[in-house]
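So the chains spell out like this:
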Amino acid sequence: MSAPAPSPLAIVDAEPLPRQDEVLTEAALAFVAELHRRFTPRREELLARRAERRAEIARTSTLDFLPETAAIRADDSWRVAPSPAALDDRRVEITGPTDRKMTINALNSGARIWLADFEDASAPTWENVVLGQVNMADAYTRNIDFTDERTGKSYALRPNEELATVVMRPRGWHLDERHLVDADGTPVPGALVDFGLYFFHNAQRLLDLGKGPYFYLPKTESHLEARLWNEVFVFAQDHVGIPQGTVRATVLIETITAAYEMEEILYELRDHASGLNAGRWDYLFSIVKNFRDGGPKFVLPDRNAVTMTAPFMRAYTELLVRTCHKRGAHAIGGMAAFIPSRRDEEVNKVAFEKVKADKDREANDGFDGSWVAHPDLVPIAMASFDAVLGDRPNQKDRLREDVDVKAADLIAVDSLEARPTYAGFVNAVQVGIRYIEAWLRGLGAVAIFNLMEDAATAEISRSQIWQWINAGVEFEHDGSTVKVTPELAREVAAGELAAVRAEIGEEAFAAGHWQQAHDLLLEVALDEDYADFLTLPAYEQLKG
Ligand SMILES: CC(=O)SCCNC(=O)CCNC(=O)[C@H](O)C(C)(C)COP(=O)(O)OP(=O)(O)OC[C@H]1O[C@@H](n2cnc3c(N)ncnc32)[C@H](O)[C@@H]1OP(=O)(O)O
Ligand SMILES: O=CC(=O)O
């Protein structure tokens, strides 16, 4: 007997959007409803498992490779599926949100891949969720001309030229989409909404274009979560009638627990896996989050002082390259957050130098490609990878058998000499307030103090404030020793609010969400109970 049809989903609490009917068709919503019926119960179990695992880390302050999956790691015979032509050369990938202008600019950027982001570079307003899907479909049908009403500038895809291949990033498992609910009023996971709508409308269209439905999977915490995605893919491919193995997924290794399960994650997804990515910012966030109460040896210094050459970060990236190449998968590097400026030569110089050093290191370490946040950085990263790859599409043949990373190396965060500073604390508060304010206006990625900030980088800032308070961190300031306390956080936050007001003027201040952002930052940073994700309480306050 076939399974009963899922109850239709209702759109709630949302003003109608132009062209939403093209995306929220009856058939597409029925598909998302079926994904929800089949896979949300397991997602709930896996979220509960995350909490159990974190409780275990709180108790033991350690992590290890899993004994129950040792056989998968020991079996040298398995490989992931061969990469499709469109994903064989991934030497430069640009990331960014899916608003119309960014979509056109990213596809035209000269990067091989565009990570079309429904996750950390996008605040999940209903408008961003739905119109992002409209933009993707318009891009594939080359129907996406656009004029910016503010500047009068017009945008179009470059005619007759190879555009970046799209790898779409849906939201992580933890987020709900409150505007789509089932008959019980239960919201559908944002991951299934983003994946489902995109896949339903574009899978066949992409195949017709010689590409395919390709995904980045964010914030995965275990191989069991990867297994759930694999089950979603198997069902989805059957549902729309495309061959099994058409989907390709690149998993972000951006949680500390996933770093101990890289091989298992590739194994679970082996028929659909394309690679792993070193999502360094979320990774740092995950270390702080999981070991937040692990005592002084887990207190990280200022966020911007933890570089990719820190031994524990190096252990992570080396292991990632080794794991990928052993299994025939691409190893993709992460995001250097320095943003160039078309107005300030000095800022530009610093950004280019820093990004070049970062991409040179990745290319020489064996990565097959890497991320940039801005089109002006595409040639920089391209030069770094061209120098190492030449005409080869990738360097998967560089097996890095010299790499030998032990479990303890990944969490040896106390090997750093740098310590938390007052300036680092102030910066965390400033970034926290400024980022949350932008997010509440519907912007998921912004440049703050010449750095790219998105949900992941802001998570580090607010988590460090929490950790430094709770660990009783002290630093020197103005000739005396200052202890990090809630009072200090309130004082610095009040100062930042006043500084922003003076900087942007009364009118812009009143038009923004500054007080709300200030209050929300303090709420998550000072609450005794650490919020698992900043975006969960923030979503409750997000309008639209
Ligand atoms: C930790 C992680 O998860 S990283 C991945 C998630 N984060 C991201 O994807 C961030 C991507 N980057 C961005 O969103 C942007 O670069 C920002 C917000 C940081 C800065 O953007 P802006 O302030 O617009 O920068 P700037 O003014 O220098 O941009 C110049 C031009 O480049 C375009 N541009 C900048 N970044 C991008 C991008 N990532 N994709 C496409 N176009 C871009 C702008 O649209 C602008 O176009 P225009 O001249 O036609 O108006
Ligand atoms: O998603 C990427 C990261 O660095 O975090």
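Analysis parameters
- Residues numbered from 1 in each chain as written.
- Chains lettered and ligands numbered in written order.
- Predicted model: local features only at pLDDT ≥ 70, side-chain atom pairs only at ≥ 80, totals over all residues.
- Heavy atoms only, no water.
- Helix = DSSP H or I, 4+ residues; strand = E, 2+ residues; numbered from the N terminus.
- Buried < 20%, exposed > 50% of the residue type's maximum accessible area, 1.4 Å probe, protein only.
- Contact = heavy atoms within 4.5 Å.
- 1 Å grid on protein atoms, 1.4 Å probe; cavity = no way out; pocket = protein on both sides within 12 Å on 5 of 7 lines; lining within 4 Å.
- Points joined across faces, edges and corners; volume = space filled by probe spheres on them.
- Nonpolar A, V, L, I, M, F, W, Y, C, P; charged D, E, K, R; others polar.
- Near = heavy atom within 4 Å.
- Polar contact = N/O pair within 3.5 Å; in protein donor to acceptor, adjacent residues only side chain to side chain.
- Areas by Shrake-Rupley, 256 points an atom, 1.4 Å probe, with all protein chains shown as cover.
- Patch = residues over 30% accessible without salt bridge, like charges linked within 9 Å, V, L, I, M, F, W, Y side chains within 5 Å.
- Salt bridge = Lys/Arg side-chain N within 4 Å of Asp/Glu carboxyl O.
- Lys, Arg positive; Asp, Glu negative; His and termini not counted.
- Charge placed at Lys NZ, Arg CZ, Asp CG, Glu CD.
- Expected span 1.5 Å × (residues − 1).
- UniProt positions renumbered as here; feature names shortened; annotations may be inferred.
- Phe/Tyr/Trp six-rings, centres within 6.5 Å; stacked < 30°, edge-to-face > 60°.
- Lys NZ or Arg CZ within 6 Å of the ring centre and 35° of its normal.

Caption draft 1: Main features of the side chain of H174. Within the secondary structure, H174 sits in the loop between β6 (165-169) and β7 (176-181). Here H174 falls in the buried class, since its relative accessible area comes to 8%. Those residues in contact with H174, other than ones at most four positions away along the chain, are R43, L47, R50, K219, F533, T535 and L536.

Caption draft 2: Representation of empty space enclosed by the protein in the model. Applying the stated criterion to the full structure yields five cavities of 30 Å³ or more. Lining the largest cavity are 15 residues; nearest its centre among them are E119, D120, L175, A455 and T535. Elements represented by at least two residues in the lining of the largest cavity include exactly α15 (455-470) and α18 (535-541). Class assignment for the residues of the lining of the largest cavity results in seven nonpolar, three polar and five charged. Of the volumes computed, that of the second largest cavity is approximately 60 Å³.

Caption draft 3: Structural context of the site of ligand 1. Around ligand 1, a shell composed of 26 residues is seen, among which T95, K101, Y155, A373 and D454 lie nearest. Contact distances for ligand 1 include 3.2 Å between an oxygen atom and a backbone N or O atom of G96. Against a free-state accessible area of 950 Å², the protein chains account for coverage of 85% of ligand 1. Elements represented by at least two residues in the shell around ligand 1 include exactly β2 (92-97) and α4 (100-107).

Caption draft 4: Just the layout of surface pockets, in detail. Here the second largest pocket is characterised by a volume of approximately 410 Å³. Around the second largest pocket, the lining comprises 22 residues; the ones closest to its centre are R280, T307, M308, F338 and D358. Looking at the lining of the second largest pocket, the elements that each hand over two or more residues are α10 (280-290), α12 (345-365) and β15 (451-453).

Caption draft 5: Representation of a negative patch on the surface within the structure. On the surface, D519, E523, D527, E528, D529 and E540 cluster together into a patch of negative charge. Within the secondary structure, D519 sits in helix α17 (residues 514-526). Classification of D519 by relative accessible area gives partly exposed; the value is 38%.

Caption draft 6: Quick peek at unusual backbone geometry. Even without glycine at this site, R19 takes up a positive phi of about 65 degrees. Assignment of secondary structure puts R19 in the loop between β1 (10-11) and α1 (20-23). A positive phi is found at R400, a non-glycine position, where the angle reads about 55 degrees.

Caption draft 7: Quick look at the pattern of salt bridges. Counted by the stated rule, this structure contains 51 salt bridges. Residue R169 pairs with D117 through a salt bridge whose shortest N-O separation is 2.6 Å. Linking R169 in strand β6 with D117 in strand β3 (residues 113-117), this pair joins segments that are 52 residues apart in sequence. A relative accessible area of 4% means that R169 is categorised as buried. With a relative accessible area of 1%, D117 lands in the buried category.

Caption draft 8: Just α17, in detail. For α17, spanning 13 residues, the distance from its first C-alpha to its last is 18 Å, which sits close to the expected 18 Å at 1.5 Å a residue. Those residues of α17 not exposed but buried are W514, A517, H518, L520, L521, L522, V524 and A525. On its buried face, α17 is in contact with α14 (422-440), α15, α16 (486-511) and α18.

Caption draft 9: Just the environment of L534, in detail. Looking at where L534 falls in the secondary structure, it is placed in the loop between α17 and α18. A relative accessible area of 4% means that L534 is categorised as buried. With eleven residues separating them along the chain, L534 and E523 place their C-alpha atoms 10.0 Å apart. Contacts of L534, omitting those with residues within four sequence positions, involve I436, A458, E459, R462 and V524.

Caption draft 10: Fine view of the UniProt feature "domain: Malate synthase TIM barrel" (unreviewed entry) in the chain. Residues given the UniProt feature "domain: Malate synthase TIM barrel" (unreviewed entry) here are residues 165-412. Secondary structure across residues 165-412 divides into 44% helix and 15% strand, with the first and last C-alpha atoms of the span separated by 37 Å.

Caption draft 11: Representation of the packing of aromatic side chains in the model. One pass over the structure, following the stated rule, counts 25 aromatic pairs. The interplanar angle of 80 degrees and the centroid separation of 5.7 Å between the aromatic rings of Y198 and F215 together place this pair among those described as edge-to-face. Of the two residues, Y198 sits in helix α6 (residues 190-208) while F215 sits in strand β9 (residues 214-217), which places them 17 residues apart along the sequence. Residues Y198 and F215 agree in their burial class; the two are buried. Each ring, one from W468 and one from F475, has its centre 6.4 Å from the other, and the planes form 75 degrees; the classification is edge-to-face. Assessed through its relative accessible area of 1%, W468 is described here as buried. Ring-pair connections join several aromatic residues into one group, and the members of that group are F31, F39, Y140, W173, F195, Y198, F199, F200, F215, W229, F233 and F235. Taking NZ or CZ as reference, R270 lies 3.9 Å from the ring centre of Y267, over its face. Between R327 and the ring centre of W78, over which it is positioned, the NZ or CZ distance is 3.8 Å.

Caption draft 12: Region of the structure containing the environment of K354. For K354, the location among the structural elements is in helix α12. Residues K354 and F312, spaced 42 residues apart in sequence, show a C-alpha to C-alpha distance of 20 Å.

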